[in-house]
Amino acid sequence: MEQGEFALSDREFNRVKARVYAEAGISLSDAKRTLVVSRLGKLVRALKLASFDAYVDYLERQGTSADAQDFVNALTTNLTRFWREDHHFEHLIGYVGQLMQHRPRSSVGGKPKLRIWSAGCSTGQEPYTIALSLLAALPDLKRWDFRILASDIDTSVVAKAATGVYPENELSGLTPERSRLFERIGNGQIRVPAAARELIAFKPLNLMHNPWPMRGPFDAVFCRNVAIYFDKKTQGQLFARLGGDPRPRRLPLYRPLREPRSGRRELQAGRQDHLSVTGTEQGEGRSMSIRVLVVDDSALIREVLSRTLGKDGDIVVAGTAEDPLEARSKIKELNPDVVTLDIEMPNMNGLQFLDKLMRLHPLPVVMVSTLTTKGASETLLAMELGAVDFVAKPNASLSGGLDAFGENLRQKVRAAANSDVKGRAMRAPPVNVPVRTAAAPAGSLIAIGASTGGVEAIRVVLSQMPPDCPPIVIAQHMPAGFTTRFAGRLDELTELSVAEAEDRMPLLPGHAYVARGDYHLRVEKSSGQLKCRLSQDDLASGHRPSVDVLFESVAKAVGGMAVGVILTGMGRDGARGLKLMRDAGAYTIGQSQGSALVYGMPRVAFEEGAVVEQAPVEAVAARLAAALTRLKSAA
């Protein structure tokens, strides 16, 4: 039906919200109004009713259990993918591996048991990923009595999940090793292998029902994508039932749950209720949704940012502030996970506020900057003061429009929420120990790639490099308008000559070249000389400039005479290209977890065998010099 066929009054919307809250504990925000009109409108029409009011009356007076389930199904959103937020599965592999070492064999049948519950399985990618990950990483698990319970409130998606069949585009973005795990069954479809399907029992389940129609104990419970539907009260009730702790966590893996007593499930005495989170995935005490405080003196910008951030449902604007003084009190009151911060504001400059915040109460901060020369300089200073990342404020000339801005902002906020800002604040600043020499044979090259946190990490590495080093090419995820100033800032702070790359620019020793924002940077060899090549062809690995594009070109043009470095950042850009460099004979280095603001890109590269060694950021320059010395000795 057309969205405008039925009007939805405020009263009707409130009735729908009250009904779905009573049925399933789901708390609908005002942002879901369009979804209600679109999805429930189909049911209203199918029942030949005249309005949403009549539909709610029908549900309350004569609707069947099937009608109630259709109502709930229509208002749930199921957007997920295989290996989504795969650090969760890494934690699970480590936990299960430890459990396997210590759990005795069962006295009945000789097989020890392992039970995992995926409590919001959606269309099934999560439980299948659990099964595939554990089977691949822990071969001995095949000798265990291993089962997964997968449940979801939406009966239609549970039925679909049980088939294990998905469109082939589900494999997009997966590594070749993971893609090969699936069966191609024709007609553009894939199927989860039988070894994983046989481990999983799918079951429709409303988590608000009491008691739960299932039996434990469970060794771990995944409940990652559920709590975003609930208000704080309902979240507390759910997590109290799951783990005895009313505070939902960013990494909600619970262990272990005993048999229910008097309708309750309790944690085993003396055991930790949540798997610990280490490194960059600091989630202690945070809610499932990412809670953001928006700080900007413009009411319009605050409104735009609030609407944009809440679009996908996993980010919630906990509050707004129009100046740093109000922001200070809101931070104490709301304890947000991330702050978005403007620079030009009344009462206190944003940079002054950021400096105080990082010293007194370190929090992940994403700067919202103006796309000007002055704005670029201040933004880079904000990175040096401790901000995680930045976005350019939306305006009429912004490439891709408001939708592209919104997607970029949400990605930056998610990365910030997963960053180790507090850990960075507690660590001593890296000691700047310049390398004496990094001389290398002619034709040598250093390639560096980074994303979130890379502005500061690149500065640390380049500030230690001597001017006799070979050319350095850099791909840092950064929009147009900022890379010129970024290169200029590096030129001011290091002994190297640093510039924004230009097409066909020769690569010279003692010089570093930063990929221009919104352009891919490649290296080519022409007439015996290495040169920069710029292009604006399609995004690669979701980015332009892309680290993969740069590294792949270096693998082809320079081969074993190159040294590659992948630094802090969220996502997987650079892993494929760095593996190509290593396969071509290059020495490759990844930033270690303990020093990375976001251990995402370096982690993926390490897992895929692209990294020869990992090192803290303050040691990268020395490792580069050592690798170049070996090249010189072999020449």
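The written sequence of each chain sets the order in which its residues are numbered from 1. Two thresholds apply to this predicted model, a pLDDT of at least 70 for residue-level local features and 80 or more for giving and counting side-chain atom pairs, whereas whole-chain, interface and lining totals are computed over all residues. Based on all heavy atoms of the structure, the side-chain values leave hydrogens and waters out of the count.

Focus: helix 12 (residues 324-334)
Test applied: Each residue is placed in one exposure class: buried if its accessible area under a 1.4 Å probe, protein chains only, is under 20% of its type's maximum, exposed if it is over 50%, and partly exposed if it falls in between. The helix and strand labels rest on DSSP assignments: H or I over at least four residues marks a helix, E over at least two residues marks a strand, and numbering proceeds from the N terminus. As used here, the arc belongs to the directions running from the helix axis to the C-beta atoms. Residues count as neighbours in contact if any of their non-hydrogen atoms are within 4.5 Å of one another.
Within helix 12, burial applies to Pro 324, Ala 327, Lys 330, Ile 331 and Leu 334. With its buried residues spanning 110° around the axis, helix 12 presents them on a single face. Among the exposed residues of helix 12, those pointing more than 90 degrees away from its buried face are Lys 332 and Glu 333. Each element contacted by the buried residues of helix 12 is listed here: strand 9 (290-295), strand 10 (315-321), strand 11 (338-341) and helix 13 (350-360). At the C-terminal side of helix 12, Asn 335 shows a positive phi close to 45°.

So, the confidence of the model for the chain
Any region with low pLDDT has predicted coordinates that should not be read closely. Test applied: Values of pLDDT, ranging from 0 to 100, describe the predictor's confidence in every residue of the model.
For the chain, per-residue confidence averages 81 on the pLDDT scale, and residues scoring 70 or more make up 80% of the total. Confidence drops under pLDDT 50 across residues 244-287; counting only partners more than four residues distant or on other chains, this segment forms 125 contacts.

Notes on the side chain of Glu 12
Cut-off, in case you're wondering: In this tally, Asp and Glu contribute negative charge and Lys and Arg positive charge; neither His nor the terminal groups of the chain are included. The rule for a salt bridge is simple: a side-chain nitrogen of Lys or Arg has to be within 4 Å of a carboxyl oxygen of Asp or Glu. Two N or O atoms count as a polar contact when they lie within 3.5 Å, although within protein this holds only if one can serve as hydrogen donor and the other as acceptor, and sequence-adjacent residues are included solely when both atoms are side-chain atoms.
Looking at the element boundaries, Glu 12 is found in helix 1 (residues 10-24). Salt bridges are absent for the buried Glu 12, whose nearest opposite-charge side chain, Arg 11, sits at 6.1 Å. Polar contacts involving the side chain of Glu 12 include one to the main-chain amide nitrogen of Phe 52, which spans 3.4 Å. The residues touching Glu 12, leaving out its near neighbours within four places in the chain, are Ala 7, Ser 51, Phe 52 and Asp 53.

A closer look at the sheet that holds strand 10
Note the following rule: Whether two strands pair depends on DSSP finding at least two bridges between them. All axes are obtained by fitting lines to C-alpha atoms, using only the stretch in contact for helices, and the reported angles, taken between N-to-C directions, cover 0 to 180 degrees.
Strand order across the open sheet formed by five strands is 10-9-11-12-13, with parallel pairing between neighbours. On the outer flanks of this sheet lie strand 10 and strand 13 (389-392), each paired with one strand and no other. With strand direction ignored, the average angle separating the axes of adjacent strands in the sheet is 25°. Bridging between strand 11 and strand 12 (residues 365-369) involves three bridges; their strand directions are parallel.

Some remarks on the packing of aromatic side chains
The line we're drawing: Ring geometry is summarised as follows: Phe, Tyr and Trp rings, the Trp one being its six-membered ring, pair when their centres sit within 6.5 Å, and such pairs are stacked at plane angles under 30 degrees, edge-to-face over 60 and tilted between the two. In this analysis the charged atom, NZ for Lys or CZ for Arg, is taken to sit over a ring once it is within 6 Å of the ring centre and within 35 degrees of the ring normal.
Tallied over the entire structure, the rule returns five aromatic pairs. Aromatic side chains Phe 390 and Phe 482 sit 4.5 Å apart centroid to centroid with 45° between the ring planes, which places their arrangement in the tilted category. Here Phe 390, found in strand 13, pairs with Phe 482, found in the loop between strand 15 (472-476) and helix 18 (483-493); they are 92 residues apart in sequence, far enough to count as distant. For Phe 390, a relative accessible area of 2% corresponds to the buried category. You can call Phe 482 buried: its relative accessible area is 0%. Taken together, the ring pairs connect Phe 82, Tyr 128, Tyr 166, Phe 182 and Phe 202 into an aromatic cluster. Over the ring of Tyr 519 we find Arg 516, and its NZ or CZ is 5.4 Å from the ring centre. Across from the ring centre of Tyr 587, 4.7 Å away, lies the NZ or CZ of Arg 630, which sits over that ring.

Focus: the nonpolar core
Put simply, the test is: Here, nonpolar core refers to any group of buried Ala, Val, Leu, Ile, Met, Phe, Trp, Tyr and Cys residues whose side-chain atoms link them within 4.5 Å.
Judged by nonpolar contacts, the single largest core of 84 residues is most densely connected at Met 367, Ile 448 and Leu 462. Considering every element that reaches this core, the biggest residue donor is helix 22 (residues 617-634), with nine residues. Not counting the four nearest positions on each side in its chain, Leu 462 is found in contact with Ile 448, Ile 474, Leu 490, Thr 494, Leu 496, Val 498 and Ala 512. Counting 37 residues, the second largest nonpolar core, distinct from the first, contains Ile 116, Leu 135, Ala 150 and Ala 220.

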